[in-house]
Amino acid sequence: MHYRLDLVLKPVEGALVRVIGMTERRGFAPRAIQGFPDAADGRWRLQMVVNSGGRTAETLRRQLQKVYDCESVQISPVDGPLPGEAGVGHGGAP
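Residues numbered from 1 in each chain as written. Predicted model: local features only at pLDDT ≥ 70, side-chain atom pairs only at ≥ 80, totals over all residues. Heavy atoms only, no water.

## Re the environment of Thr56
For step 1, the next point in the chain: Topologically, Thr56 is positioned in the loop between β3 (44-51) and α2 (57-65).
For step 2, the next point in the chain: Of the residues examined, Thr56 reaches a relative accessible area of 49% and is grouped as partly exposed.
For step 3, the next point in the chain: Along the primary structure Thr56 and Met1 are separated by 55 residues, whereas in three dimensions their C-alpha atoms are 9.3 Å apart.
For step 4, the next point in the chain: Within polar-contact distance, the side chain of Thr56 engages the side chain of Thr59 at 2.7 Å. (Helix = DSSP H or I, 4+ residues; strand = E, 2+ residues; numbered from the N terminus. Buried < 20%, exposed > 50% of the residue type's maximum accessible area, 1.4 Å probe, protein only. Polar contact = N/O pair within 3.5 Å; in protein donor to acceptor, adjacent residues only side chain to side chain.)

Okay, here's the thing in structure tokens:
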């Protein structure tokens, strides 16, 4: 199952590395990452799609909220194939 995590990070050195590292150490595989600084408050807005590998996304949310640089985490299930994955395992493009 794939999940999209919407995170707000403090703009400090190493914040992104800590979040991705925690995600991987908890057994979730990042599949897509997109981020940008918010012009209004300077915080980083990060969207990360992960493969749960059968684990519950709530577990990852609780762990990420313990990372000092992570101010908030919201999780949404992702339905259907991820961009770039259509046709994977089906003999190629349609």
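## Section: the side chain of Gln63
For step 1, the next point in the chain: Turning to its location among the elements, Gln63 is positioned in helix α2.
For step 2, the next point in the chain: Side-chain polar atoms of Gln63 contact the side chain of Arg26, separated by 3.1 Å.
For step 3, the next point in the chain: Setting aside chain neighbours within four positions, we find Gln63 in contact with Met22 and Arg26. (Contact = heavy atoms within 4.5 Å.)

## So, the nonpolar core
For step 1, the next point in the chain: Ranked by internal contacts, the top residues of the largest apolar core, which has 16 residues, are Leu5, Leu7, Val19, Val50 and Leu64.
For step 2, the next point in the chain: Counting only elements with at least two residues in this core, the list comes to β1 (2-9), α1 (15-25), β3, α2 and β4 (70-78).
For step 3, the next point in the chain: The element best represented in this core is β1, accounting for four residues.
For step 4, the next point in the chain: Filtering out sequence-adjacent residues up to four positions away, Val50 remains in contact with Met1, His2, Tyr3, Leu5, Thr23, Phe28, Ala29, Pro30, Arg31 and Leu60. (Core = buried A, V, L, I, M, F, W, Y, C linked by side-chain atoms within 4.5 Å.)

## Looking at the confidence of the model for the chain
For step 1, the next point in the chain: In this model, the chain carries a mean pLDDT of 86, and residues with pLDDT of at least 70 account for 84%.
For step 2, the next point in the chain: Counting interchain partners and residues more than four positions distant, the pLDDT-below-50 stretch residues 87-94 has one contact. (pLDDT = per-residue confidence, 0-100.)

## Overview of the environment of Lys10
For step 1, the next point in the chain: The residue Lys10 is located in the loop between β1 and α1 in this model.
For step 2, the next point in the chain: Residue classification places Lys10 among the partly exposed positions, given a relative accessible area of 21%.
For step 3, the next point in the chain: Between the C-alpha atom of Lys10 and that of Tyr68, which follows or precedes it by 58 residues, the distance is 8.7 Å.
For step 4, the next point in the chain: If near-sequence neighbours (up to four positions away) are discounted, Lys10 is found in contact with Ala15, Arg43, Tyr68, Asp69 and Glu71.

## Description of the packing of aromatic side chains
To describe a pair of aromatic rings, you give the distance between the ring centres and the angle between the ring planes.
For step 1, the next point in the chain: This structure, assessed with the given rule, holds zero aromatic pairs.
For step 2, the next point in the chain: Between Lys10 and the ring centre of Tyr68, over which it is positioned, the NZ or CZ distance is 3.8 Å. (Phe/Tyr/Trp six-rings, centres within 6.5 Å; stacked < 30°, edge-to-face > 60°. Lys NZ or Arg CZ within 6 Å of the ring centre and 35° of its normal.)

## Section: the sheet that holds β3
The pairing of strands in a sheet happens through backbone hydrogen bonds and is either parallel or antiparallel.
For step 1, the next point in the chain: On the basis of which strands lie adjacent, the open sheet formed by four strands has the order β2-β3-β1-β4 and antiparallel pairing. Since the sheet does not close on itself, it has two edges, and those belong to β2 (29-37) and β4, each with one partner. Each adjacent strand pair in this sheet contributes to an overall mean axis angle of 15°, direction not counted.
For step 2, the next point in the chain: As defined by bridge partners, β1 adjoins β4 across eight bridges and the pair is classed as antiparallel. Within β4, the residue paired with Tyr3 across the bridge is Pro77.
For step 3, the next point in the chain: Docked against the sheet, α1 engages β1, β2 and β3, running at close to 20° with respect to β3.
For step 4, the next point in the chain: Contacts from α2 reach β1, β3 and β4 within the one sheet, and its direction differs from that of β4 by about 165°. (Pairing = 2+ DSSP bridges. Axes fitted to C-alpha atoms, helices over the stretch in contact; angles between N-to-C directions.)

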